[in-house]
Amino acid sequence: PDLYTQANPDGSHIDILHASPYSMGLAHEKNNVYWVFDGYHGEIIRYDFQENKGVGDTDFSDGIVRRYTEILVEKDADIPSHLLFDKNTNWLYIADTGNKRILRLKTNSGEVVQDLPIVIEPLAEHSRVSGVVWETVVNNGLVQPSGIEVIGNRLLVSDYATGDIIIYSINSNFRELGRIETGAAGICGIKIGPEGNIWFTNRLENTVTKITSSIATSTDNLNDNINITISPN
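Residues numbered from 1 in each chain as written. Predicted model: local features only at pLDDT ≥ 70, side-chain atom pairs only at ≥ 80, totals over all residues. Heavy atoms only, no water.

> Any chance you could explain the sheet that holds strand β11 (residues 145-151) here in plain terms?
Backbone-to-backbone hydrogen bonds pair the strands of a sheet. The strands run either parallel or antiparallel. Across the sheet, four strands lie side by side as β11-β12-β13-β14; this open sheet has antiparallel pairing. What marks the edges here is a single partner per strand, and that holds for β11 and β14 (175-181). If you compare each strand with its neighbour and ignore which way they point, the axes differ by 20 degrees on average. (Pairing = 2+ DSSP bridges. Helix = DSSP H or I, 4+ residues; strand = E, 2+ residues; numbered from the N terminus. Axes fitted to C-alpha atoms, helices over the stretch in contact; angles between N-to-C directions.)

Shown next as C-alpha cells:
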C-alpha cells in the first residue's frame, strides 16, 4: 500500500486487467506476457504489457489483449483456478475449477480473427483469437481442481475440496498414477522445488506445507512410485 500511495495518491494500479474481472489464475509466458483466467467472462486471455513502465503508471495504451473465446471456463466462487505455462512445450495448463476438469491450450496456435471494443482504457489491441489447439486432459475424479504443476512428464493437480494432490502421467494419456492425501480441504497453489519436494498452500488453514519424497532426489527422478512424508504433520 505504501508503494501504491507514493506512486499515485489517487489510487494506483500496475496492470491492464480491467478487461478481465474476477481473474482467478495467472501464468507468466515471457517478458511482460501473462495468461489470465477471466472468471467474469469465463475466458482465457493473453496479456502483453509490452513495455514495463514501473509501479503506479496508468498509461497502458501499448497493451495487447487477446481473448481465446473458443475455450469456455468457469470459476467456482472465489477458489483460485491456477494456470501453468510449460515453456518447454508451449502448452498452457488450466485448472477449470467450475467445470471440474483440467484443460491445456497450445499457445502458439490460432490467429486473430476479430477486433473487439476497447474496455475502460486505451489499448494497442483488443482482439479475439480463433482456430486454437486445445483439449480436455482430465475430466473425471476431480471436485474442485485448483493448483496445478508440471514437471517433466508429470502433471500434478491439487483438489481444493478433498485436499488431495493427484499425479498424472502426461505421456500415458494423463493416466492417474496416484494421490497424496493431505487430509485437509482448502489446498490451492502447488509447486515442485529443485530438490523434488512438493510445496503447497492451504488457504483455509493459512499454511504452507512441504512434502519430501523418499525416492526422488531431484526433479528429474520422479517416477511412478512415490513415497512421501509431510511436514508439518
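> Could you clarify how one ought to interpret the sheet that holds strand β5 (residues 83-86) in this entry?
Read from one edge of the open sheet, four strands run β5-β6-β7-β10, paired in antiparallel fashion. Each of the sheet's edge strands pairs with one partner strand only, and the pair in question is β5 and β10 (133-138). Between one strand axis and the next, the sheet turns through 20 degrees on average, direction left out of account. Across six bridges, the pairing between strand β6 (residues 91-96) and strand β7 (residues 101-106) is antiparallel. Paired with L92 across the two strands is L105, which belongs to β7.

> Could you clarify how one ought to interpret unusual backbone geometry in this entry?
Note on backbone geometry: most residues besides glycine have negative phi, and most peptide bonds are trans. The phi angle at Y22 is positive, at roughly 55 degrees, despite the residue not being glycine. The topology assignment puts Y22 in the loop between α1 (2-7) and β1 (23-30). Since its relative accessible area comes to 52%, Y22 is described here as exposed. Even without a glycine there, the phi angle at K100 is positive, about 55 degrees. Inspection of the secondary structure assignment puts K100 in the loop between β6 and β7. (Buried < 20%, exposed > 50% of the residue type's maximum accessible area, 1.4 Å probe, protein only.)

> Please explain the packing of aromatic side chains as it appears in this structure.
Where two aromatic rings form a pair, the distance of their centres and the angle of their planes describe that pair. Counted by the stated rule, this structure contains five aromatic pairs. Measuring from centroid to centroid gives 6.3 Å for Y22 and Y40, while their planes differ by 20 degrees, and the two rings are stacked. Highlighted residues: Y22 in the loop between α1 and β1 and Y40 in the loop between β2 (33-38) and β3 (43-48), separated in sequence by 18 residues. The pair formed by Y22 and Y40 is uniform in burial state, with each residue classed as exposed. Between Y47 and F49, the ring centres sit 6.2 Å apart and the planes meet at 25 degrees, which makes this aromatic pair stacked. Of the two residues examined, Y47 and F49, each falls in the buried class. Taken together, the ring pairs connect Y34, Y47 and F49 into an aromatic cluster. For the cation-ring pair, K75 lies above Y22, with the distance from its terminal atom to the ring centre recorded as 5.1 Å. (Phe/Tyr/Trp six-rings, centres within 6.5 Å; stacked < 30°, edge-to-face > 60°. Lys NZ or Arg CZ within 6 Å of the ring centre and 35° of its normal.)

> Explanation requested: the pairing of β2 in the structure shown.
For a regular strand, side chains alternate in direction, first toward one face of the sheet and then toward the other. Where burial is concerned, most of β2 is hidden: five out of the six residues are buried. Pairing geometry for β1 and β2, over six bridges, is antiparallel. What sits directly across from S23, in β2, is D38. Where β1 folds back onto β2 in an antiparallel hairpin, the turn is made up of two residues, including N31, whose phi is positive at roughly 45 degrees. Here β2 runs beside β3; their pairing, made up of six bridges, is antiparallel. Paired with D38 across the strands is E43, a residue of β3.

These values are about where atoms sit, not about what they do.
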